[in-house]
Every structure is written in C-alpha cells, then in structure tokens.
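Structural overview for review
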2 protein chains.
Amino acid sequence: MVTIRDVAKAAGVSVATVSRVLNETGYVHEDTRNTVNEMIKQLNYSPNEVARSLYTKKSRLIGLLLPDITNPFFPLLARGVEDEMRLHDYRLIFGNTDEDAEKEQDYIQTFQQNNVIGLISMTNTLSKKVYQDLSIPVVFLDRTSSGYPSVFADGKEGGKLAAMEMVKRGSKRITLIKGPGHLQTAVDRFQGALEVLSTSDINFYVMSTTSFSFKDAETWAKDLFEKYPDTDGVIASNDIVATAVIHEALRIGKKIPEEVQVIGFDDVPHSSLLFPPLSTIRQPAYEMGKEAAQLLIKLMKNEKLQKKNIQLPVTFINRDTTRKVDEHV
Amino acid sequence: MVTIRDVAKAAGVSVATVSRVLNETGYVHEDTRNTVNEMIKQLNYSPNEVARSLYTKKSRLIGLLLPDITNPFFPLLARGVEDEMRLHDYRLIFGNTDEDAEKEQDYIQTFQQNNVIGLISMTNTLSKKVYQDLSIPVVFLDRTSSGYPSVFADGKEGGKLAAMEMVKRGSKRITLIKGPGHLQTAVDRFQGALEVLSTSDINFYVMSTTSFSFKDAETWAKDLFEKYPDTDGVIASNDIVATAVIHEALRIGKKIPEEVQVIGFDDVPHSSLLFPPLSTIRQPAYEMGKEAAQLLIKLMKNEKLQKKNIQLPVTFINRDTTRKVDEHV
DNA sequence: TTGTAAGCGTTATCAC
DNA sequence: GTGATAACGCTTACAA
C-alpha cells in the first residue's frame, strides 16, 4: 500500500505539503504542486479514506435504507439516489430492512460506526427518537416523518386523478382499494380518491387491505369480485395489487377494460409489460431518488433550504386497462 | 461520541483491558470483564469501526458490483448476498456499473480506499488484471472469469431443457434467440439449446441479439415474426426478451401457446404476472446470491474450498406459454 | 511557502 | 491479569 509518506518522500517534501495539494487547502507553490501531482500519478497513490475519516470524523459514505430491494418500486428510487450521489463522489452503504425495526436499528448503527455522513431512508418503522439522536442529516424518501426533510410524490393528487379518470371513463360502481393504514403515501392516495368519489354521484365500495404483497393481493382480488360482482372499475392501492386484480378479473372472464377498468399506482417497470398493459398513476421514482440525494447534499453542506419537503407531481398513464375517451370533451 | 477511553475510565481500567474484553483476546478477570461490559452497556458504547479499520486494515464491509439494480434479475441476487452477509455481520457498499469499465474501476477504487475485505461482482467489463491487483478475495456471481471463484446457474443445461421441453410439446419450427455473445451465461444457454435442436429433426432458426433491453427486444420480436412468420416456438434469451416476443405475438394475433410457444430464462418476479404467465427456465437467483456470499466468506477466512466454482441447477417452470403434455408418456 | 508534530479511536506489543 | 504506549495514515495547528 502506497501512503502519503511515500509520495512525500518521492517528491522530496513533507506529508503536510502533499496533504495540502491533495485537499487544495493552504498555499503550495505551483512547482511543488506539480511534482507532487506527478509523484501521485507515478506511484498510483490514492488516499486512505479510513485514515482520513478517522481524523475528520467524516467520510464519503451515505447510508441508504429501504424495505426490500426485491420490490420493483425501490430499485428505481435507489438508482436515482445512487446516480446523483455518484456525481458528487459519494458512495452508498445500503440495507434492506423488511420494515423490521431491529434490522433498521442495526444498519443505522453500522452507518454511525462507519462515519456515514448522511442517511436516506425509505422506511420509518423506528420511533422518531432514533433519528433524532443521529448527528447526521436524514432525508426520508417516499415516506414522511414529521419535522424531517422528505421527498415524496403527490399521493392525494394521484388518488384524485385516478378517481377522476375512472369516472370520466364511465365506471359507475367503483371499488376503491385502501392500502396499509400505516403508510402515509397509501393513506394520501386513498383520501384523494375518496374525496372525488364521495362528491360524485357514483356508487363505490371501499376495501381495506394491509399489505402490498402479491400473495395477499390475490386473495383480496378474489374477495373483491365475490362481494362486489358488478363492480365496473377498480382503483388499486398500487401496481402490484392492480396486477392481482387484473389476473382475477381475467380468470373469471371479465373483459378489461370493457367490463372492468383498473387503475394502479406507481408505474413500476413491468406495468407496461402486463396484459393488458396497466393504466396507472405514475410516480417519478428515479427523479424522486435524485431529488432526495440533492436535498441531502444541501443539508450536509448546511445550505439553507427553500423547502424541506419536496413533493413531486404524479401523472396518469393511460394504457389499456382504462377505456378511451375523447380528450377534447 | 463515547470512546473506548470513556469506557475505560468509567470502569476504572485501561483502554487495553477494554479492548481485550471487546475482542475477547487475551486474559481478563471475570469480574473486570463484567464491570467493563456493564459500562459498555451503560454508556451505550459501540466501537468506532473506522479507527479499528485503520489499525487492522480490515473492515466489515463487502463491495457489491452489479450492472443495474433496476434490471429485475439483479435485486434477487443482491438480496441473497445481503441476507447471508448480514448473518455474518458484514455490510455492503454497492455500485451500479452499467457494464461501464470506468464506473466499475471507480467503485473498485472506493472499495479499496475503505478497506473493503471482499468483493462480489456481477459484472466483469474490466480486464482480469484489475481484479488480480486487488489484495482481497473476489467472487463472480452470474458471471465467470477464468481462474476466479464464481457462482452461476447451469446455463447449458437450461438451454437443453428449454429446447427439449419445446420439442416435447410439439413445436416444429423453432426460433432460437441467441443473447449477447460477450456474456458467458447467454452463450451457455444458447449452446445447450443448439445442441438439442441440432440433433433433433426439427427445423430451427437462430436469431442473434446484442442486449437484454426491452426496447431492443421489441424490435427483434417484430423482425422475428416478419422473417420467420410460421415459427411455432420461440426460445428466448431471457425473460425480458420473452416478454417482448409475447407482446408481438399477441399483437399480430398469434395464439399462445396454441400457435406459438414461448420459453424464457431467469424467472424474474414478474414472469408469473404476465399474460399468459411465462413458462421459463428458472435460475435460483436468491440462492445464488447466498452461495456467493458463503463462498466469499470462506475465502476471506482462508478456508480450503472443495470447489471454486459453484454451479446451481436450473428448473423448467411450466406456466401458460407452453402447451400441456402428458407427463407420464 | 513549507515542515514538525499532535491527535483522531483503535489494537497489540511489551513490561510489570 | 493488567497498563503504558507505539502504530495505523491522514489532517491541521503552529512554527519556521
């Protein structure tokens, strides 16, 4: 391993000088800078981040917490975070928490032990206190925790959009699937849709669910069509659930979108690959990840923020599980 | 921040003693051990990994390199790696390389700078030399690099299986899609299928492709049915490509599986959600991740290995893009 | 403009 | 059994 001493020796200067050119701090004569840089290149030296970190109590590492990388929504967010962080030379340590408080706690401890300088969390099972005790900035992504900076999509507007589009396209007996009550995003989209439906003269049925898992969703979808066989429009809590609904509808011989329309939420990558391709409310996941990274970077630099909470707009993606309508009406 | 000194002071001992109980190295009287542990708990002390790492030149960090976390196959592998690593108290730093040598190099440098103690790579764009210069063990996952330990699925057998199943189910004019030539896994599955087809009395058509991207695959699928309109069976290079084939077939009005059978490769999570649900050759991705982690751990402990290359079996998943057949025949 | 040296929080080698 | 203390590779006062 080549150290700063080796470079110093080779360049005929002291380690302090090498350090100065490395960090561009303090004066150093151009000639010496040149020879030092020359030696750095020649010896293929790159500074030991660990030694650096020990002294400065900082690092270039960011912690990333997410529920499950295997769930297709999160890789998009994670990728956004990573790409933005890479632009600024930060690197990520990540952990899947499975919404399990112990895992979350464990990873947070690791982050601290490694002098991680910032945390982006897509999960918040732990009490707020844990995050308060952290001495590093935290940004919540696709989640909120009161008082903390966060980046999320406009779920309420998304819910409204879904309901409006469904009504506009002629569904009269709508089923509204309510996602897990402990997830603010799920509640928001539910509230938005509820608001629109309850002020319309449409009949609707609310079905409460407790997870986003496909397995569970299959059961609920079955239930749905049994309890409410004449429903002609389903607003699902997300794309996974919507997929299960589509499967069940097709299975029992309902035509989509002629007899039942379906709208999902998220626009995960495979939504367009389904049959029929799923109409959905798109969250700009990759951009959300980038925004969260940018927000965290500002926080780490102690920059003043205009807003601590960034809400990104959602859009209706009109594919084939909703009927066509004359947009000029 | 509470340090080892604070604990030492509180327990009325020296830092050396605290270090000894921490690392369970050397003698320490049971009574003192108890008070030290007591103080550790009371002060909520946890050792600074950075300081540790500086001295020992080790860490508890593992580097994970993958092409793109957004591609549905990789999260499965990554999750397997993570879960196994977590069991052994290792944590992951990860990077998406996009098969880009510069990014790969960058991340590797970061890993070194942070005293990462092992590397699992699902990409190998770089010349072998780069990996040779590393002083840490490397395991390739879903990839191979001659001379390096690796974990991968039995692609050749998979290709054979796909071809055999397709023939058994009555396709007579098969199209075999050959994946990117620079990926050994793609080549293996192609060779396997080729071997079976060429020793059968089936007509077949080989179509060469250069990526696994859905966008590209859409074009190839179109081509396929134009150039070979009477094909009645497609062996795709992976599930993404298979999905594009299904879409195109459906679009031009071919019945699946009655007129065209399709078999994919990988069994990514959404394969079962497609319509029709995709028949495919399943790679045990999660298990592969776990195996890779276990292999790396052995390497890091300098344990002798029975085999450096672990090949996991693949299985045919018979869903609805292939016809039923009497299994007792 | 440059060098000396202290210090970051550990571990491990010696003495005792 | 335990305690001083050097060392890990770096940054940053402070001196020169």
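Residues numbered from 1 in each chain as written. Chains lettered and ligands numbered in written order. Predicted model: local features only at pLDDT ≥ 70, side-chain atom pairs only at ≥ 80, totals over all residues. Heavy atoms only, no water.

As for the packing of helix α10 (residues 214–227) of chain A against helix α11 (residues 239–251) of chain A
Packed helices, taken two at a time, are described by the angle their axes make and the gap between the axes. Residue and element names in this part refer to chain A. Running from N to C, α10 and α11 cross one another at 45 degrees; their axes reach a closest spacing of 8 Å. Judged on the interaxial angle alone, α11 and α10 are oblique. The hand of the α10/α11 crossing is right-handed. Facing F214, A217, E218, A221, K222, L224 and F225 of α10, the residues of α11 in contact are I240, V241, T243, A244, V245, H247, E248, A249 and R251. (Axes fitted to C-alpha atoms, helices over the stretch in contact; angles between N-to-C directions. Helix = DSSP H or I, 4+ residues; strand = E, 2+ residues; numbered from the N terminus. Parallel < 35°, antiparallel > 145°, perpendicular 65-115°, else oblique. Left-handed = near helix turned anticlockwise from the far one by under 90°. Contact = heavy atoms within 4.5 Å.)

Concerning the protein's contact with DNA strand C
Taken together, 27 residues lie near DNA strand C, and T17, R20, H29 and Y55 of chain A together with I4 of chain B sit nearest. Taking the atoms of DNA strand C that fall within 4 Å of the protein, sugar and phosphate contribute 61% of them. Between DNA strand C and N23 of chain B, the relevant distance is 3.1 Å, taken from a phosphate oxygen to a side-chain nitrogen or oxygen of the residue. When contributions to the surface near DNA strand C are tallied by element, the ones reaching two or more residues are α2 (15–23) and α4 (49–56) of chain A together with α1 (4–11), α2 (15–23) and α4 (49–56) of chain B. Counted by class, the surface near DNA strand C contains 13 nonpolar, 9 polar and 5 charged residues. (Near = heavy atom within 4 Å. Polar contact = N/O pair within 3.5 Å; in protein donor to acceptor, adjacent residues only side chain to side chain. Nonpolar A, V, L, I, M, F, W, Y, C, P; charged D, E, K, R; others polar.)

What about the domain arrangement of chain A?
Residue and element names in this part refer to chain A. When the domains of chain A are assigned, the result is domain 1 (4–47), domain 2 (61–153 + 286–312) and domain 3 (155–282). The C-alpha-based centres of domain 2 and domain 3 are spaced at 29 Å. Tallying the contact residues gives 8 residues for domain 2 and 10 residues for domain 3. In total, domain 2 and domain 3 occlude about 750 Å² of area from one another, counting both sides; carbon and sulfur atoms represent 61% of this. Linking domain 2 with domain 3 are 0 salt bridges. Our enumeration of links across domain 2 and domain 3 arrives at 1 residue pair in polar contact (both at pLDDT 80 or more). Taken together, the residues of the side of domain 2 that touches domain 3 break down into 4 nonpolar, 1 polar and 3 charged. (Domains from an automatic or database assignment. Buried area = accessible area lost by both parts, 1.4 Å probe. Salt bridge = Lys/Arg side-chain N within 4 Å of Asp/Glu carboxyl O.)

Considering the pattern of salt bridges
All names here are of chain A. Across all of its chains, the model carries 44 salt bridges over all chains by this definition. Between R143 and E99 there is a salt bridge, with its nearest N and O atoms 2.7 Å apart. Of this pair, R143 sits in the loop between β4 (138–141) and β5 (150–153) while E99 sits in the loop between β2 (91–96) and α6 (101–113), placing them 44 residues apart in sequence. The buried category is assigned to R143, whose relative accessible area is 7%. Classification of E99 by relative accessible area gives partly exposed; the value is 32%. The residue K156 makes a salt bridge to E195 at a minimum N-O spacing of 3.2 Å. (Buried < 20%, exposed > 50% of the residue type's maximum accessible area, 1.4 Å probe, protein only.)

Some remarks on the UniProt feature "domain: HTH lacI-type" (unreviewed entry) in chain A
The feature "domain: HTH lacI-type" (unreviewed entry), as annotated in UniProt, sits at residues 2–56 of chain A in this numbering. With 71% helix and 0% strand, the stretch residues 2–56 of chain A has end C-alpha atoms that lie 21 Å from each other. (UniProt positions renumbered as here; feature names shortened; annotations may be inferred.)

Notes on the side chain of T209 of chain A
Residues and elements named next belong to chain A. Within the secondary structure, T209 is located in the loop between β7 (203–208) and α10. Classification of T209 as buried rests on a relative accessible area of 5%. A polar side-chain atom of T209 sits 2.8 Å from the main-chain carbonyl oxygen of K178. Not counting residues up to four positions away in its chain, the partners in contact with T209 are I177, K178, G179, P180, W220 and S237.

What to know about the sheet that holds strand β12 (residues 315–317) of chain B
Residues and elements named next belong to chain B. Here we have 6 strands laid out as an open sheet, ordered β7-β6-β8-β9-β10-β12, and mixed in their pairing. Strands with a single pairing partner mark the edges of an open sheet, and in this sheet they are β7 (203–208) and β12. Neighbour-to-neighbour, the strand axes of this sheet turn through a mean angle of 20 degrees, independent of strand direction. Across 6 bridges, strand β6 (residues 173–178) lies against β7 in parallel orientation. Note on β7: the bridge partner recorded for R173 is N203. Along the sheet, helix α9 (residues 184–198) contacts β6, β7, β8 (233–235) and β9 (261–266); its crossing angle with β6, the most-contacted strand, is approximately 160 degrees. (Pairing = 2+ DSSP bridges.)

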